[in-house]
Amino acid sequence: MPLPMLPVPMRIRRRVKETADTFTIELEPPDGTFAFEPGQFNMLYVFGVGEVPISISGDVSRRDVLVHTIRDVGTVTHALGRLKKGDWVGVRGPYGRGWPMKIAKGRDVILAAGGIGLAPLRPAIREVLDNRDDYGRVVVFYGARTPGDLLYPKEVVKWRARLDAKVSVTVDRADRTWHGNVGVITQLVSAARTDASRTVAMVCGPEIMMHYMRIHLAKLGIADEAIYVSMERNMKCAIGRCGHCQYGGDFICKDGPVFTFAEVESRFRIRSL
Amino acid sequence: MKTHSIAEILSAHEFFSDMKPEHIEFISGCAKVSHFASGKFMILAGEPADNFYLIRSGHTAVEIEIGNQVRTIHSPGPGEFVGWSWILPPARWRYDVRVVEDVSAISFDAECVRKKCEADFEFGYHIYRRILKIVIERLMATRIQMIDMYA
Amino acid sequence: MSKSITLSGVLPAAGFQRLLDAVRDAGFRTIGPRARNGAIVLDELSDVAELPVGWNDEQVAGSYRAAKGSGDRLFDYVVGPTSWKRFLYPPRRELWHAQKEGQAWVPEAPADDFEPTAFLGVRNCDIAAIRTLDRVLLDSGYREPVYDSRRSKIFIIAVSCAAPVSTCFCTSMGGGPTPTDGFDLSLVELGSGNDHRFIISSGSERGAEIVSALNLDEVVERDLDAAATQDRTSVEKINQVPAMANARSTIAATMRSDHWDEVADRCLSCANCTLVCPTCFCVDIEDTTDLSGTSVSRHQQWDSCFTMSHSYLHGGSIRKTTAARYRQWLSHKLGTWHDQFGSSGCVGCGRCVTWCPAAIDIRVELEALEESLKEMTTEEA
């Protein structure tokens, strides 16, 4: 009997503290290889505590390591945060429909992340930057609450140093030690300077952030069909049968988590859906 | 390197798009090019709002002092306008604007623009309408900032 | 299961035990209707006397009464609070367990000990419900292993409904009192006393095989006429809900209606409707540990969209209000189920209507939504 609800135990080979409430763990796939697509997620299980869906944040070309950046917001993520190098985590996955990497080929690409939303978008950003010639103009926007909340700061500095991509970072609040932009991420959008008719936008962050980003991307002339967002709901099974992640007629776990804005537009206007 | 006249620079800016050439010509007459070194204040809260600026290069920080902390609430950069307090009385600045990275800006004589708005309502309407658009955008941005979107 | 239905013959009621024995001899235990604590529930039985002989039920919104009458008929009641989902997709089940060895552990799944089982007295609405669950758990890109295995071990003996109640509305969901498909055997109970008999049809080869040993009487014109009359009478008794025809579009257009708040004033958010529903499939996952923390197990158990935890995300619920939760239930059941599985999630069995302590009736609420839609349209015009 096939049992897809069984996790595969994997050992933590590295743990990095990212911000006050986020951390990254790197796991070793037992047979040395784990393939996934940008935007997909895994179910991570902590022995005796429970399971949570966590997006994959690593490089698609690095199959020997599985990277997850996690925010400590609940019982299971808290337990994940207390694990050390050498400890075991149960993994099921990868699950879900990820970012439209194939569709984005040959086009201008806007990648916009808000807060922890950089974690699910990072594999897409790396894929685009590592295969830069396959894309038109590349623009990355990243917004966070404060400078201390920025994920992967060293890597982001490297992205910003590239001359073949426009990478802008902004924070909502800052003191004088911060020399970068202060203001909401939507204020960066008007500087995208992509060709709206051939732009694919991938937006990842809280729903409210994606909602505002879409308003500003629409002002540039980018159609809802070309704006992709990653949705989030409670998830228990990740295979479309526990019913928790329903979002109208879709199961976020298998029909998403990535949707075009056109697919979810009417649902964004319904409260508590 | 070809130097552009102020009128040419303004004509190319989104703010002045579709504005009558004579209006652009006029407001150019109220403007000059200014430079500010990093660390200096372009605007100081409480001072008369005699000028406002269109940043061409460099970065600034709109700052508020809260207790013993200085907080940046906005960081205008290239292409953005700085300063709105000049429009209506008492025409005094409300915030400090510090130069974070050397700024080259077009500086407008506020009194000159104000007078023209009063004397020529058509000109005033176009200026006010465009300013209103920016103020609405700022208000929207401030509201989003207020809701702590990334929490 | 073969699609061809064959009229097998007539079994006198006095010989009903022979049918039960034949099913047992074919290797199936039998689960069927039994009277317990004033309700007809589903449980194991082997003797015809264990059936609710002579029982009848009365069902209206918010009320259920079943009692033994003076008759001798075996199936003159409709569905009770239990549905066949309980056996095919049990309320609680272990998914796997694991033992810690050092820091590592390997999960192991338990074997499922479900025996081959005959479901006796399955109503047409419940056949539709099983078919609906099939689409959810077998035909949507993933086969739920335990449901799959149990589904292959069941033998369905259907029965036509001769005594529909006020909560029945199968005919508005594409069904009717007489099963036409999806069974191994199907019974039509006719007459009483000396004339008490069953027309038996078979819907599968193994069904035909089992009845072939029963020496059934030949079906005669009189039997067919009686069956047709009984079916017609039942159809007339079953409520028609014209609003169901447009349910999907009505709901899509009324997601922001204030009618949901109006229902929420009455709804207790008790989850009864979801627990008696034969198609609700939501399950929660629970982790348990022994005291030493070295051995763990994961269970799945029925969940309900009426609980706050159902929509929990990052420290809070998405659907905090009863209005949002009731809307989720109804809009999923009658609306978005179509998007997900290509059919309505409702089969018209009426359980949610009967077992709602606040007497909320899904049919009435849908009609009210349709009405509120008309008002919305008028206001716009």
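In this text the structure is predicted, and so the values were computed from the model without any measurement.

Q: Teacher, can you tell me more about the overall build of chain B here?
A: Each helix and strand in chain B was counted, giving 4 helices and 6 strands. In chain B, the succession of helices and strands from N to C terminus is α-α-β-β-β-β-β-β-α-α. Whereas a compact globule of 151 residues would reach a radius of gyration of roughly 15 Å, chain B reaches 16 Å, a difference of no more than 12%. Split into buried and exposed, the 151 residues of chain B put 44% on the buried side.

Q: Help me out: how do you make sense of the packing of aromatic side chains in this one?
A: Where two aromatic rings form a pair, the distance of their centres and the angle of their planes describe that pair. What the rule picks out here adds up to 32 aromatic pairs over all chains. Members of the aromatic cluster, each reached through a chain of ring pairs, are Phe 15, Phe 16, Phe 52, Phe 81, Trp 84, Trp 86 and Phe 108 of chain B. Of note, Lys 116 of chain B hangs over the ring of Phe 123 of chain B, and the distance from its end group to the ring centre comes to 5.8 Å. In this structure, Lys 85 of chain C packs its charged tip against the face of Trp 302 of chain C, placed 4.3 Å from the ring centre.

Q: What exactly am I supposed to notice about the pairing of strand β11 (residues 197–202) of chain C here?
A: On any regular strand, side chains alternate: one points to one face of the sheet, the next to the other face. Residue and element names in this part refer to chain C. In terms of burial, β11 is a largely internal element, 6 of the 6 residues being buried. Of the two faces of β11, the one carrying Arg 197, Ile 199 and Ser 201 and the one carrying Phe 198, Ile 200 and Ser 202 are both buried. The sheet contact formed by strand β10 (residues 185–190) and β11 spans 6 bridges and is antiparallel. Bridge assignment links Leu 190 to a residue of β11, and that residue is Arg 197.

Q: I would appreciate a short explanation of the state of the cysteines in the present structure.
A: Think of a disulfide as a covalent bridge from one cysteine sulfur atom to another cysteine sulfur atom. Residue and element names in this part refer to chain B. Within this structure, the stated rule accounts for 1 disulfide over all chains. Across the disulfide from Cys 30 sits Cys 112; the S-S distance is 1.9 Å. Judged by the torsion about the S-S bond (-60 degrees), the Cys 30/Cys 112 disulfide is left-handed. One end of the pair, Cys 30, is in the loop between α2 (21–29) and β1 (31–36); the other, Cys 112, is in helix α3 (residues 110–119), and 82 residues separate them in sequence.

Q: I'm lost on the interface of chain A and chain B in this one. Help?
A: Note on interface size: it is often stated as the accessible area lost on association of the parts. With 25 residues of chain A in contact, the opposing surface of chain B contributes 22 residues. Summed over both partners, the interface of chain A with chain B comes to about 2100 Å²; 55% of that surface belongs to carbon and sulfur atoms. When the buried area of chain A at its contact with chain B is split by residue, Asp 172, Arg 176 and Val 182 of chain A rank highest and sum to 27% of it. Linking chain A to chain B there are 3 salt bridges. Close ionic contact of Arg 176 of chain A with Glu 63 of chain B constitutes a salt bridge, the shortest N to O distance being 2.8 Å. Mapped by element, the contributors of at least two residues to the side of chain A that touches chain B are β8 (138–144), β10 (181–182) and α5 (207–219) of chain A.

Q: Where do I start with the domain arrangement of chain A in this structure?
A: Residue and element names in this part refer to chain A. Each domain of chain A was delimited in the assignment, giving domain 1 (8–95) and domain 2 (101–230). For domain 1 versus domain 2, the distance between C-alpha centres works out to 24 Å. Across the contact, 16 residues belong to domain 1 and 15 residues belong to domain 2. The salt bridge involving Asp 59 is made with Arg 126; its shortest N-O contact spans 2.9 Å.

Q: So what exactly am I meant to see when it comes to the side chain of Thr 199 of chain A here?
A: Within the secondary structure, Thr 199 of chain A is located in strand β11 (residues 199–204). A distance of 2.9 Å separates the side chain of Thr 199 of chain A from the side chain of Thr 194 of chain A, its partner in a polar contact.

Q: Sorry, what's going on with the sheet that holds strand β1 (residues 6–12) of chain C here?
A: All names here are of chain C. Overall, mixed pairing links the 7 strands, which are arranged β1-β11-β10-β9-β8-β2-β3 in an open sheet. The open sheet has two free edges, formed respectively by β1 and β3 (39–45), since each of these has just one partner strand. Neighbour-to-neighbour, the strand axes of the sheet open up by a mean angle of 25 degrees, direction not taken into account. Judged from the 5 bridges that link them, strand β8 (residues 117–122) and strand β9 (residues 154–159) form a sheet pairing that is parallel. What sits directly across from Thr 117, in β9, is Ile 154. Contacting β8 and β9, helix α3 (residues 124–137) runs over the sheet at an angle of about 135 degrees to β8. Those strands touched by helix α5 (residues 205–212) are β1, β9, β10 and β11, and its axis lies near 70 degrees from that of β9.

Q: Before we go on, may I ask you to explain the environment of Gly 54 of chain C in this structure?
A: All names here are of chain C. With respect to the secondary-structure elements, Gly 54 resides in the loop between β3 and β4 (55–60). A sequence separation of 238 residues divides Gly 54 from Ser 292, and the C-alpha atoms of the two residues are 54 Å apart. Excluding residues that lie within four positions of it along the chain, Gly 54 makes contacts with Ala 67, Lys 68, Gly 69, Gly 71, Asp 72 and Arg 73.

Q: Where do I start with the interface of chain A and chain C in this structure?
A: Each partner contributes residues to the interface: chain A has 39 residues there, and chain C has 50 residues. Summed over both sides, the interface of chain A with chain C buries roughly 3900 Å², with 60% coming from carbon and sulfur. The interface formed by chain A and chain C holds 3 salt bridges in total. For Arg 241 of chain A, the salt bridge is made with Glu 144 of chain C, and the minimal N-O distance between the two is 3.6 Å. Applying the counting rule to chain A against chain C returns 18 residue pairs in polar contact (both at pLDDT 80 or more).

Q: Would you mind showing me how to read a nonpolar patch on the surface here?
A: Together, Ile 208 of chain A together with Met 146 and Ile 147 of chain B make up an exposed nonpolar region whose accessible area comes to about 300 Å². Relative to the elements of secondary structure, Ile 208 of chain A occurs in helix α5.

Q: Would you take a moment to explain the layout of surface pockets for this structure?
A: It is the rolling of a water-molecule-sized probe over the atoms that shows where space remains empty. There is about 1600 Å³ of room inside the second largest pocket. Contributing to the lining of the second largest pocket are 50 residues, with Gln 187, Ser 190 and Ala 191 of chain A together with Pro 78 and Glu 80 of chain B lying nearest its centre. For the lining of the second largest pocket, the secondary-structure elements that each account for two or more residues are β9 (166–171), β10 and α5 of chain A together with β6 (96–109) and α4 (121–146) of chain B. It is α4 of chain B that provides the largest number of residues to the lining of the second largest pocket, a total of 11 residues. For the lining of the second largest pocket, a count of residues per class yields 20 nonpolar, 17 polar and 13 charged.

About the criteria used
Residues numbered from 1 in each chain as written. Chains lettered and ligands numbered in written order. Predicted model: local features only at pLDDT ≥ 70, side-chain atom pairs only at ≥ 80, totals over all residues. Heavy atoms only, no water. Helix = DSSP H or I, 4+ residues; strand = E, 2+ residues; numbered from the N terminus. Rg over C-alpha atoms; globule rule 2.2 N^0.38 Å. Buried < 20%, exposed > 50% of the residue type's maximum accessible area, 1.4 Å probe, protein only. Phe/Tyr/Trp six-rings, centres within 6.5 Å; stacked < 30°, edge-to-face > 60°. Lys NZ or Arg CZ within 6 Å of the ring centre and 35° of its normal. Pairing = 2+ DSSP bridges. Disulfide = S-S within 2.5 Å. Contact = heavy atoms within 4.5 Å. Buried area = accessible area lost by both parts, 1.4 Å probe. Salt bridge = Lys/Arg side-chain N within 4 Å of Asp/Glu carboxyl O. Domains from an automatic or database assignment. Polar contact = N/O pair within 3.5 Å; in protein donor to acceptor, adjacent residues only side chain to side chain. Axes fitted to C-alpha atoms, helices over the stretch in contact; angles between N-to-C directions. Patch = residues over 30% accessible without salt bridge, like charges linked within 9 Å, V, L, I, M, F, W, Y side chains within 5 Å. Areas by Shrake-Rupley, 256 points an atom, 1.4 Å probe, with all protein chains shown as cover. 1 Å grid on protein atoms, 1.4 Å probe; cavity = no way out; pocket = protein on both sides within 12 Å on 5 of 7 lines; lining within 4 Å. Points joined across faces, edges and corners; volume = space filled by probe spheres on them. Nonpolar A, V, L, I, M, F, W, Y, C, P; charged D, E, K, R; others polar.

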